[in-house]
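Take a look at the letters that make up each chain.
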Amino acid sequence: MERSLPALARQIGQEHVRALFLDNITDPRIMERIASETGAAIGGTLYGDALSRPGGEADTYIRMLRHDVVTLNADMMRN
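Cut-offs and rules
Residues numbered from 1 in each chain as written. Predicted model: local features only at pLDDT ≥ 70, side-chain atom pairs only at ≥ 80, totals over all residues. Heavy atoms only, no water. Pairing = 2+ DSSP bridges. Helix = DSSP H or I, 4+ residues; strand = E, 2+ residues; numbered from the N terminus. Right-handed = clockwise from strand over helix to strand, strands pointing away. Axes fitted to C-alpha atoms, helices over the stretch in contact; angles between N-to-C directions. Parallel < 35°, antiparallel > 145°, perpendicular 65-115°, else oblique. Left-handed = near helix turned anticlockwise from the far one by under 90°. Contact = heavy atoms within 4.5 Å. Nonpolar A, V, L, I, M, F, W, Y, C, P; charged D, E, K, R; others polar. Buried < 20%, exposed > 50% of the residue type's maximum accessible area, 1.4 Å probe, protein only. Lys, Arg positive; Asp, Glu negative; His and termini not counted. Salt bridge = Lys/Arg side-chain N within 4 Å of Asp/Glu carboxyl O. Patch = residues over 30% accessible without salt bridge, like charges linked within 9 Å, V, L, I, M, F, W, Y side chains within 5 Å. Areas by Shrake-Rupley, 256 points an atom, 1.4 Å probe, with all protein chains shown as cover.

Participant: Just checking my understanding: could you explain the pairing of strand S2 (residues 41–46) for this structure?
Facilitator: Look at any regular strand and the pattern is simple: side chains alternate between the two faces of the sheet. Two elements, strand S1 (residues 19–23) and S2, share 5 bridges in a ladder whose sense is parallel. Paired with Leu 20 across the strands is Ile 42, a residue of S2. Considered for its hand, the β-α-β crossover made up of S1, helix H2 (residues 29–38) and S2 is right-handed.

Participant: Help me understand the packing of helix H1 (residues 5–14) against H2 in this model?
Facilitator: Between H1 and H2, whose axes approach to 10 Å, the crossing angle comes to 50°. In this view, H1 runs oblique relative to H2, as classed from their interaxial angle. H1 and H2 meet at a crossing whose hand is right-handed. Each of Leu 5, Leu 8, Ala 9 and Ile 12 in H1 lies in contact with H2, whose residues at this interface are Ile 30, Ile 34, Glu 37 and Thr 38. Looking at the contact of H1 with H2, its residues break down into 6 nonpolar, 1 polar and 1 charged.

Participant: Any chance you could explain the side chain of Asp 68 here in plain terms?
Facilitator: Inspection of the secondary structure assignment puts Asp 68 in helix H3 (residues 61–78). Within the buried set, Asp 68 has no salt-bridge partner at all; the shortest N-O distance to an opposite charge, 11 Å, is to Arg 63.

Participant: How should a nonpolar patch on the surface be read in this particular structure?
Facilitator: Together, Tyr 61, Ile 62 and Leu 65 make up a nonpolar patch on the protein surface, roughly 310 Å² of accessible area in all. Its relative accessible area of 47% is what places Ile 62 among the partly exposed residues.

Shown next, in the form of structure tokens:
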């Protein structure tokens, strides 16, 4: 089901979402706009569909999983 950005922003506000996470392969501008409109923080970038470049923080499957867990955990501990 496709949602409009205003509807998504309303739902984020209604559910008191505190953090949004970026995906490493998509343009972050929409999520950044939603975060600014709702007061949610950007919790970081997650690697779900693609690895980082060689030598990056998520350049292997294991490093990707570690990165994502650390990123999610850091935000949960903050909130």
